[in-house]
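A closer look at the structure
Take a look at the letters that make up each chain.
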Amino acid sequence: MKNLLTKTFFPCMALLLIGIPFFFCACNKDTVEVERAMHILINGHNGAEHPLVVAIDTTVFDHKDGAFIIQPKSNIHFTTAFSYKVPKKRLVTLTDTVTKKVVYSAELPENTIRVNFNYLYFDGKVQQVVPPAADPNVNKLGFYIYDKSIDFPVDISLQQVNATTGDVRKEYIAKNVLPAKWVYVDYLPLKDFDKEVDLRSATVHFTKANTDEWAFEGDEAKSKLPAVGFFFPKLNDKGKVQPYFIAPKVPNQIFSRLFFYLD
């Protein structure tokens, strides 16, 4: 009996030891294929004549009611959470829904939880955006005013009205911004505009340079916007680069943020 137990014990141990590597391989495989999520943001402007459809890898965002379709002559604010398991090469594409031509293609980075793509198309071509290098001591805010009816420089200011006294607090962000070109300015959060609660009650004003005249068609509604939507740098923020594409002629979407603004 002792010999029988011994003979039975060793084959069993051998099988167990052989099985251990397979067990750990299976565990490692499950770990590698754990589900991940990436927040994807596409910003910019579609100045073409045709709508665009977004695709990420094999997922096409072409909702039957047009909820995900990027309309022509409109700014782009597309955001989605994309889930995946196995890291591999995946592309983000924008395709013309009429010609079926891919007008933009970029590879998704690996090992990141959020990514921002910019696509600017106007004046018959894709526009290159080359922002300045980040400066750890200040923030860089960029403005491009796309309005062919404007041939004068524009001042951009932050303003806030004291609800008790009616006094107006005004600080310039940028002065003499010429249309049809990128203008970058150094920016540090301004007193009374450096907290989220401050920006909720503040407005951004676009005026003709050195005047109080509204810049865009003399229209206050188009030239005065809530500051909170700009996601300006706040207290202690430094090193950010935030370009804005300003398009007053685009209904209800006057500007597009060319940066990842979600914290």
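Above this text sits the structure in question.
Let us look at the structure shown here. All values derive from a computational prediction rather than experimental measurement.

Bringing the nonpolar core into the picture now. Residues Phe143, Leu158, Phe206, Phe232, Tyr244 and Ile246 are the most contacted members of the largest nonpolar core, which totals 30 residues. Listing elements by their share of this core, those giving two or more residues are β9 (139–145), β10 (154–161), β11 (168–177), β12 (183–187), β13 (202–208) and β15 (241–246). Contacts of Phe143, omitting those with residues within four sequence positions, involve Ile156, Ile173, Ala174, Val177, Lys181, Trp182, Val183, Val185, Tyr244 and Ile246.

Turning to the pairing of β10, a few remarks are in order. Within β10, seven of the eight residues are buried, which leaves it mostly tucked inside the rest of the structure. As paired strands, β10 and β11 are joined by seven bridges and run antiparallel to one another. By the bridge assignment, Val161 is partnered in β11 with Val168. The turn joining β10 and β11, which pair antiparallel and follow one another in sequence, is formed by six residues; a positive phi near 80° is taken by Gly166. The pairing of β10 with β13 spans seven bridges and is antiparallel. Counted as the bridge partner of Asp155 is Thr207 from β13.

Okay, the environment of Tyr146 next. Take Tyr146: it is sitting in the loop between β9 and β10. Remark: the alpha-carbon pair of Tyr146 and Ala180, spanning 34 residues in sequence, is separated by 5.7 Å. The residues contacting Tyr146, other than those within four sequence positions of it, are His45, Phe122, Asp123, Phe245, Ile246, Ala247 and Pro248. One polar contact links Tyr146 to Asp123, side chain to side chain, over a distance of 3.2 Å.

So, how was this worked out
- Residues numbered from 1 in each chain as written.
- Predicted model: local features only at pLDDT ≥ 70, side-chain atom pairs only at ≥ 80, totals over all residues.
- Heavy atoms only, no water.
- Core = buried A, V, L, I, M, F, W, Y, C linked by side-chain atoms within 4.5 Å.
- Buried < 20%, exposed > 50% of the residue type's maximum accessible area, 1.4 Å probe, protein only.
- Helix = DSSP H or I, 4+ residues; strand = E, 2+ residues; numbered from the N terminus.
- Contact = heavy atoms within 4.5 Å.
- Pairing = 2+ DSSP bridges.
- Polar contact = N/O pair within 3.5 Å; in protein donor to acceptor, adjacent residues only side chain to side chain.

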